[in-house]
Amino acid sequence: MSTDSILIIGSGGQLGTELCETLRGMYGDAKVVATDVRPLTGSIAESGPTEVLDILDKQRFTEILDQYKPTQIYHLAALLSATAERQPKLGWTLNMDGLFHVLDAAKERNISKIYWPSSIAVFGPNTPRDQTPQHCVMDPNTIYGITKLAGERYCEYYFEKHGVDVRSIRYPGLIGYKSAPGGGTTDYAVDIYHQALQQGKYECFLSEDTELPMLYMPDALRATINLMEAPAENIKIRSSYNVAGMSFTPDQIAASIRNEIPGFEISYAPDYRQQIANSWPKSIDDGTARMDWGWKPEYDLQAMTGDMLLHLREMNSIKS
Ligand code: SER
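Only a predicted model underlies this, so the values are computations on that prediction, with no experimental measurement involved. (Residues numbered from 1 in each chain as written. Predicted model: local features only at pLDDT ≥ 70, side-chain atom pairs only at ≥ 80, totals over all residues. Heavy atoms only, no water.)

Describe the site of the ligand, listing the residues and the values that go with them.
Near the ligand, the surroundings consist of Leu 80, Ser 81, Ser 119, Tyr 144, Tyr 171, Gly 184, Thr 185, Thr 186 and Trp 280. At 3.3 Å, a side-chain N or O of Tyr 144 approaches an oxygen atom of the ligand. The contact in question runs from an oxygen atom of the ligand to an N or O atom on the backbone of Thr 185, over 2.6 Å. Grouping the amino acids of the shell around the ligand by side-chain chemistry returns four nonpolar, five polar and no charged. (Near = heavy atom within 4 Å. Polar contact = N/O pair within 3.5 Å; in protein donor to acceptor, adjacent residues only side chain to side chain. Nonpolar A, V, L, I, M, F, W, Y, C, P; charged D, E, K, R; others polar.)

Now the structure itself:
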């Protein structure tokens, strides 16, 4: 394999599955090495190289770096907010040590660019919740948020002190139809579409008026690629960029589904994830990303709902 390959760590996740497909489409199937802690199957395994990699296993990581000599790494492996609250020690270890392994590899080897996702979870109860600015009070009170904020500081530090070209986005909730999310507080906004088609109803684990920022997957992929393709001198933020698509409540997404499926019903049974959501922003000011590298979302809530239901119906009819 030539030296300009791309390594994805955590390729079996919600974002990794779709990013792998996009990057293989852009750079060629053989150039994008997909890795995950579990063996990858299906089209991702059929279309290009895959490896099993637990990013906490430094020796295995070194072997993979020696074999493929990637010049870019997308490091996506992490425990998300709800799962990390349940397994705080693993959340800290995976989210931090995994990042250290990747940043150190970039420092020591000829790796030109690193992508690492941060999250709206870096904000906390004392952050302004409406149009949350790029720079403001950040006092996360979840394990996931604490690891993402610490990770942001480390990314900026490695850029300043070691010249590592690391780029990052603070993703809001990501919504897509191609792969299932796992362990996030915003994941209700994916599951609701599946349940709407299968059951005609959905029980939501957040209250009806819980407003959160969200991003449809095609916009998230475009944002990620645009950030990674932007000239280094345009990237002024080396911690992580605020990026937003839309904000809505469970009540509002239900109304958008009802426009397509009139009988759809929603009920509410908030659980421990309500407290996590209550500490996060309602909406995000992404003016800095717009200014530095031309970010602009394309999907609003109704456009996303139409597209999600269209694709999920197609996928269901192929399966049945
Ligand atoms: N979607 C993530 C979560 O809910 C936030 O980054 O954990």
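Can you explain unusual backbone geometry? Please cite residues and give values.
Of note in this structure, Lys 69 is not a glycine but carries a positive phi near 45°. Lys 69 gets classed as partly exposed once you look at its relative accessible area, which sits at 47%. Here the phi dihedral of Gln 131 falls at roughly 50°; this positive angle occurs in a residue that is not glycine. (Buried < 20%, exposed > 50% of the residue type's maximum accessible area, 1.4 Å probe, protein only.)

Account for helix 3 (residues 58-68), with residues named and values stated.
Among all positions of helix 3, only Phe 61, Ile 64, Leu 65 and Tyr 68 are buried. Down the axis, helix 3 shows its buried residues gathered within 100° of arc, on one side only. The inward-facing, buried residues of helix 3 contact strand 1 (5-9), strand 2 (32-36), strand 3 (50-52), strand 4 (70-75) and helix 5 (88-108). Taken from the residues just after helix 3, Lys 69 is the one with a positive phi, measuring 45°. (Helix = DSSP H or I, 4+ residues; strand = E, 2+ residues; numbered from the N terminus. Arc of directions from axis to C-beta. Contact = heavy atoms within 4.5 Å.)

Which residues make up the packing of aromatic side chains, and what are the values?
Where two aromatic rings form a pair, the distance of their centres and the angle of their planes describe that pair. Per the stated rule, a full pass over the model turns up eight aromatic pairs. With 5.7 Å between their ring centres and 40° between their planes, Tyr 74 and Tyr 115 make a pair best called tilted. In this pair, Tyr 74 is assigned in strand 4 and Tyr 115 in strand 5 (residues 113-115), connecting sequence segments 41 residues apart. Just as Tyr 74 is buried, Tyr 115 falls in that class too. Taken together, a centroid distance of 6.4 Å and an interplanar angle of 55° make the contact between Tyr 115 and Tyr 171 tilted. Remark: Tyr 171 occurs in strand 8 (residues 169-171) and Tyr 115 occurs in strand 5; sequence separation between them is 56 residues. The two residues Tyr 115 and Tyr 171 agree in class, both being buried. Aromatic ring contacts, followed pair by pair, group Tyr 74, Tyr 115 and Tyr 171 into a single cluster. For the cation-ring pair, Arg 86 lies above Tyr 272, with the distance from its terminal atom to the ring centre recorded as 3.9 Å. (Phe/Tyr/Trp six-rings, centres within 6.5 Å; stacked < 30°, edge-to-face > 60°. Lys NZ or Arg CZ within 6 Å of the ring centre and 35° of its normal.)

Would you mind going over the sheet that holds strand 8 in detail, with residue names and values included?
Strand order across the open sheet formed by three strands is 6-8-12, with parallel pairing between neighbours. The open sheet has two edge strands, strand 6 (118-119) and strand 12 (241-242), and neither has a second partner. Across two bridges, the pairing between strand 8 and strand 12 is parallel. Paired with Ile 169 across the two strands is Tyr 241, which belongs to strand 12. (Pairing = 2+ DSSP bridges.)

Give me the pairing of strand 4: which residues, what numbers.
Most of strand 4 sits out of view: six of its six residues are buried. Judged from the five bridges that link them, strand 1 and strand 4 form a sheet pairing that is parallel. Bridge pairing in strand 4 places Ile 9 opposite His 75. Examined bridge by bridge, strand 4 and strand 5 share three bridges and lie parallel to one another. Paired with Gln 72 across the two strands is Lys 113, which belongs to strand 5.

An account of the nonpolar core is requested, with residue identities and associated values reported.
Phe 61, Ile 175, Tyr 188, Tyr 193 and Phe 248 are the most contacted members of the largest nonpolar core, which totals 64 residues. Those residues in contact with Phe 248 that lie beyond four places of it in its chain are Ile 175, Tyr 188, Ala 189, Thr 210, Glu 211, Leu 212, Met 214, Ile 253, Leu 301 and Met 304. Membership of the second largest hydrophobic core comes to 32 residues, among which are Leu 23, Ala 34, Tyr 115 and Ala 289. (Core = buried A, V, L, I, M, F, W, Y, C linked by side-chain atoms within 4.5 Å.)

Tell me about the sheet that holds strand 11 (residues 212-216), residues and numbers included.
Reading across the sheet, the three strands line up as 9-11-13 and stay open at both edges, with mixed pairing between neighbours. The open sheet has two free edges, formed respectively by strand 9 (173-175) and strand 13 (246-248), since each of these has just one partner strand. With direction set aside, neighbouring strand axes in the sheet form an average angle of 40°. Strand direction decides the pairing type here: strand 11 and strand 13, joined by three bridges, are antiparallel. When the bridges of strand 13 are listed, Pro 213 appears paired with Ser 247. Running over the sheet, helix 7 (residues 188-198) touches strand 9, strand 11 and strand 13 and is turned about 25° from strand 9. Across the sheet, helix 8 (residues 217-229) lies against strand 9 and strand 11, angled at about 80° from strand 11, the strand it touches most. (Axes fitted to C-alpha atoms, helices over the stretch in contact; angles between N-to-C directions.)

By themselves, these observations are geometric and do not establish any function.
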